[in-house]
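Fold and geometry: a report
Listed here are the chains, written in short residue letters.
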Amino acid sequence: LAAVDAATGLATSWDPQCRGEVHALAVRGTALYVGGTFYALGRQERHSLGAVDLTTGLATDWIPGVSAIRAMVIVGQTLYLGGEFQQLDGQPRRDLGAFDLTTGQVNGWNPSADGVVRTLVSAKDRIYVGGDFTQVGGQPRARLACVDAVTGKVTDWKPAADGPVVALAVGAREIYVGGAFV
């Protein structure tokens, strides 16, 4: 985990000393939220999810309990997560879940996927999800799904991919999808 100067392309002196792999990043205010499969972050023990100060690189006081984060997106005060996990801070959440960044606690958003979630993107009041799953929220969804950002209910949007979806982007009227599919 490093910072690169946008003008020069050179690494800065910022060094949060992450030990392990980083798969997802999101910025809110003065914090960088980091997800992956690491065991230390910002000179502190942190497992797979944590936050570091953008100036110092030191870990914040937030110590969430989770494993194997693959994707994240922040919308307002909510950090949405996707990955390979069964719990967030001891609460049942299968591969999808969210934290309230004001309180640092797991919120009620619980759509549940039956396989790895590899990418998330937000558009208005929706969270688009891509990965290796075949169901989200108990509904058949072949590696692509759209979930209400507030209720966690799966929407009627039902495209299908015949292989893993690993990247999503929002256009003016489209959702762009990348992965290993035909």
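Above this text you will find the structure in question.
What comes next is a walk through the structure. (Residues numbered from 1 in each chain as written. Predicted model: local features only at pLDDT ≥ 70, side-chain atom pairs only at ≥ 80, totals over all residues. Heavy atoms only, no water.)

1. Observations regarding the layout of surface pockets
A volume near 150 Å³ is recorded for the largest pocket. Among the residues forming the lining of the largest pocket, the class breakdown is five nonpolar, one polar and four charged. (1 Å grid on protein atoms, 1.4 Å probe; cavity = no way out; pocket = protein on both sides within 12 Å on 5 of 7 lines; lining within 4 Å. Points joined across faces, edges and corners; volume = space filled by probe spheres on them. Nonpolar A, V, L, I, M, F, W, Y, C, P; charged D, E, K, R; others polar.)

2. Comments concerning the side chain of Arg143
Considering the arrangement of structural elements, one finds Arg143 in the loop between β14 (139-140) and β15 (144-148). Although Arg143 is buried, it makes no salt bridge; Asp132 carries the closest opposite charge, 6.2 Å away. Apart from residues lying up to four places away in sequence, Arg143 is in contact with Val129, Gly130, Gly131, Asp132, Phe133, Ala161, Asp162, Gly163, Pro164 and Val165. (Helix = DSSP H or I, 4+ residues; strand = E, 2+ residues; numbered from the N terminus. Buried < 20%, exposed > 50% of the residue type's maximum accessible area, 1.4 Å probe, protein only. Lys, Arg positive; Asp, Glu negative; His and termini not counted. Salt bridge = Lys/Arg side-chain N within 4 Å of Asp/Glu carboxyl O. Contact = heavy atoms within 4.5 Å.)

3. With respect to the packing of aromatic side chains
Using the criterion set out here, one finds four aromatic pairs in the structure. Seen from their ring centres, Trp62 and Phe99 are 5.1 Å apart, and the 90 degrees between their planes marks the pair as edge-to-face. Residue Trp62 is located in the loop between β4 (49-53) and β5 (69-75), and its partner Phe99 is located in strand β9 (residues 96-100); the two are separated by 37 residues in the primary sequence. Take Trp62 and Phe99: they sit in the same class, and that class is buried. Taking the centre distance of 4.8 Å and the plane angle of 80 degrees together, the rings of Tyr80 and Trp109 count as edge-to-face. (Phe/Tyr/Trp six-rings, centres within 6.5 Å; stacked < 30°, edge-to-face > 60°.)

4. A few points about the pairing of strand β16 (residues 165-170)
The sheet contact formed by β16 and strand β17 (residues 175-179) spans five bridges and is antiparallel. Looking across to β17, one finds that Val170 is bridged to Ile175. With antiparallel pairing between neighbouring strands as the criterion, β16 and β17 make up a hairpin whose turn holds four residues. (Pairing = 2+ DSSP bridges.)

5. Regarding the pattern of salt bridges
Here the idea is simple: oppositely charged side chains can pair when their charged atoms come close. With the rule as written, the count across this model stands at four salt bridges. Between Arg126 and Asp125 there is a salt bridge, and its shortest N-O distance comes to 3.7 Å. With relative accessibility at 42%, the residue Asp125 sits in the partly exposed group. Asp148 serves as the salt-bridge partner of Arg126, at 3.1 Å between the closest nitrogen and oxygen. Here the residue Arg126 occupies a position in strand β12 (residues 126-131), and Asp148 occupies one in strand β15, the gap between them amounting to 22 residues. Classification of Arg126 by relative accessible area gives partly exposed; the value is 26%. According to the relative accessible area criterion, Asp148 is buried, its value standing at 15%. One connected set of salt bridges, linked through shared partners, spans Asp125, Arg126 and Asp148.

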